[in-house]
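Here's the letter readout for the chains.
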Protein chains: 2
Amino acid sequence: MTGSAVEGTTRIQARNRQAILEAGLDVFSQHGFRGATLDQIAGEAGLSKPNVLYYFASKEAIYAALLERLLDTWLAPLAALDPDGEPEDEILGYVRRKLVMSRDYPRESRLFANEILQGAPRIGEILGTDLRVMVDDKAAVIRGWAADGKIADVEPHHLIFSIWALTQHYADYDVQVRAVLGGADPFPQAEAFLVHLYRRTIAPGPPSGRERT
Amino acid sequence: MTGSAVEGTTRIQARNRQAILEAGLDVFSQHGFRGATLDQIAGEAGLSKPNVLYYFASKEAIYAALLERLLDTWLAPLAALDPDGEPEDEILGYVRRKLVMSRDYPRESRLFANEILQGAPRIGEILGTDLRVMVDDKAAVIRGWAADGKIADVEPHHLIFSIWALTQHYADYDVQVRAVLGGADPFPQAEAFLVHLYRRTIAPGPPSGRERT
DNA sequence: CGTGCCTTTGACCGAATGGTCAAATCGGCA
DNA sequence: TGCCGATTTGACCATTCGGTCAAAGGCACG
């Protein structure tokens, strides 16, 4: 062995754990926790079922590991929203980062969607505490921008929800989007549309599009 | 028996079939097809498992019946978009109708979401044919409005996607929305926000919010 | 009140599920 | 090369799964 006795992470351990998580992400994101089977995960990872359980104590443990790894990176784009930046740049930057995540990590988005659809039994508490704190924090920033007249007076929470909904839609409903559009890559057009939509939505001015005479 | 020999739908048949579909909607919308179990559906419907299979040939048949019943009503709001109406009224009306459906039929929205997340194995073909035809049709209408300068020049397909994403988000991610917002009913604020967003997005004028000098 | 069909269910089946365990194999180091 | 822990697996287990079936129960009508 190479590593020390305390830090017991062999090369082969890292590789197999990674393969299991990769396979688990595939299966869980498509069928949810209850719909996924260990045999399927093992098969996709190229390991036998007992071998999978040698690296993870249970099906639940694989799922938990995936969720934990996900939550870390999932909120990073929102955390990067800078209170001292230019409002429009900050919000459009957030939209772009989230859209790129939907394009590059669609399975992670679907895994999250599945967990929420099931009622968030495992991450419900985190949603009501950690997530809520961060969203409230960023919402306050956005509210400040609105109060200063730098952007339109929109409800910040729903603005954030809308960014989640619009960007994750291109990951979660990818099959539907491509079925309707045909074969072409939806993301370039999606980005152009979302930039238009958010420039218009947050531009300072009267609350509605029907301009006053 | 009361009904004729040909029209064999007893009162009790209608009641039990309805109870099974109701229970199936609950379970399938939460756990997806593979994650749902007949025992759970039977228990929730107040019937024994063999009795459930007396009314539906298989688990698959219950799921199929739900999907078929869903597809009929799911696209009705889009079909109601009137090419001869006032563009802003038509689009905002569509948004409102879809939002009401998310509020009143969240389980149906989640059932649909689950099917799409699984890769739409059962309705994939419909998406690429019937749905696509209808969306293309409505997209042409919207494109015409844009060409006439009645609304902004937005890509119509992505405009429709955005309406789906924003409205269904309040059904599919209801748990998350409520966890972040607290106990209050999100829908009144959601409607106000969406009306603002779409008024701004489709208002005629320059493509972006950064006004020219 | 009895007959015939609709409805319900207990018992059961084979397959798949998550998980266990002891034994076999592997891989690196002395 | 031989050793020892890390790794892998075949066999197995209890439970749950979707589904079957024959028998029992219920209901409306003559």
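Above this text sits the structure in question.
Residues numbered from 1 in each chain as written. Chains lettered and ligands numbered in written order. Predicted model: local features only at pLDDT ≥ 70, side-chain atom pairs only at ≥ 80, totals over all residues. Heavy atoms only, no water.

Draft legend 1. Just the protein's contact with DNA strand C, in detail. As a structural note, the neighbourhood of DNA strand C is formed by 20 residues, with A:Leu38, A:Lys59, B:Ile12, B:Gln13 and B:Tyr55 the closest of them. Sugar and phosphate atoms form 62% of the subset of DNA strand C atoms that lie within 4 Å of the protein. Within the side chain of A:Lys49, one N or O atom sits 3.0 Å away from a base nitrogen of DNA strand C. Within the side chain of B:Asn16, a nitrogen or oxygen atom sits 3.0 Å from a phosphate oxygen of DNA strand C. Within the residue set of the surface near DNA strand C, elements represented by two or more residues are helix H2 (38-45) and helix H3 (49-55) of chain A together with helix H1 (11-35) and helix H3 (49-55) of chain B. With 4 residues, H3(B) is the single largest residue contributor to the surface near DNA strand C. A per-class count over the surface near DNA strand C returns 9 nonpolar, 8 polar and 3 charged. (Near = heavy atom within 4 Å. Polar contact = N/O pair within 3.5 Å; in protein donor to acceptor, adjacent residues only side chain to side chain. Helix = DSSP H or I, 4+ residues; strand = E, 2+ residues; numbered from the N terminus. Nonpolar A, V, L, I, M, F, W, Y, C, P; charged D, E, K, R; others polar.)

Draft legend 2. Local environment of the packing of aromatic side chains. Throughout the structure, instances matching the rule amount to 16 aromatic pairs over all chains. Look at A:Phe161 and A:Trp164: their rings are 5.7 Å apart centre to centre, the planes differ by 50°, and that puts the pair in the tilted class. One end of the pair is A:Phe161 and the other is A:Trp164, both in helix H9 (residues 156-172) and 3 residues apart, which spans about a single turn. Ring plane angle 70° and centroid distance 4.9 Å describe the contact between B:Phe28 and B:Tyr63, whose orientation is recorded as edge-to-face. A residue pair is termed long-range when its members are at least 10 positions apart, and B:Phe28 in helix H1 and B:Tyr63 in helix H4 (residues 59-74) qualify at 35 residues. Here B:Phe28 and B:Tyr63 have matching classes, each one buried. Site record: aromatic cluster; members linked through ring pairs are A:Phe161, A:Trp164, B:Tyr170 and B:Phe187. The ring centre of B:Phe56 lies 4.9 Å from the NZ or CZ of B:Arg17, which sits over that ring. (Phe/Tyr/Trp six-rings, centres within 6.5 Å; stacked < 30°, edge-to-face > 60°. Buried < 20%, exposed > 50% of the residue type's maximum accessible area, 1.4 Å probe, protein only. Lys NZ or Arg CZ within 6 Å of the ring centre and 35° of its normal.)

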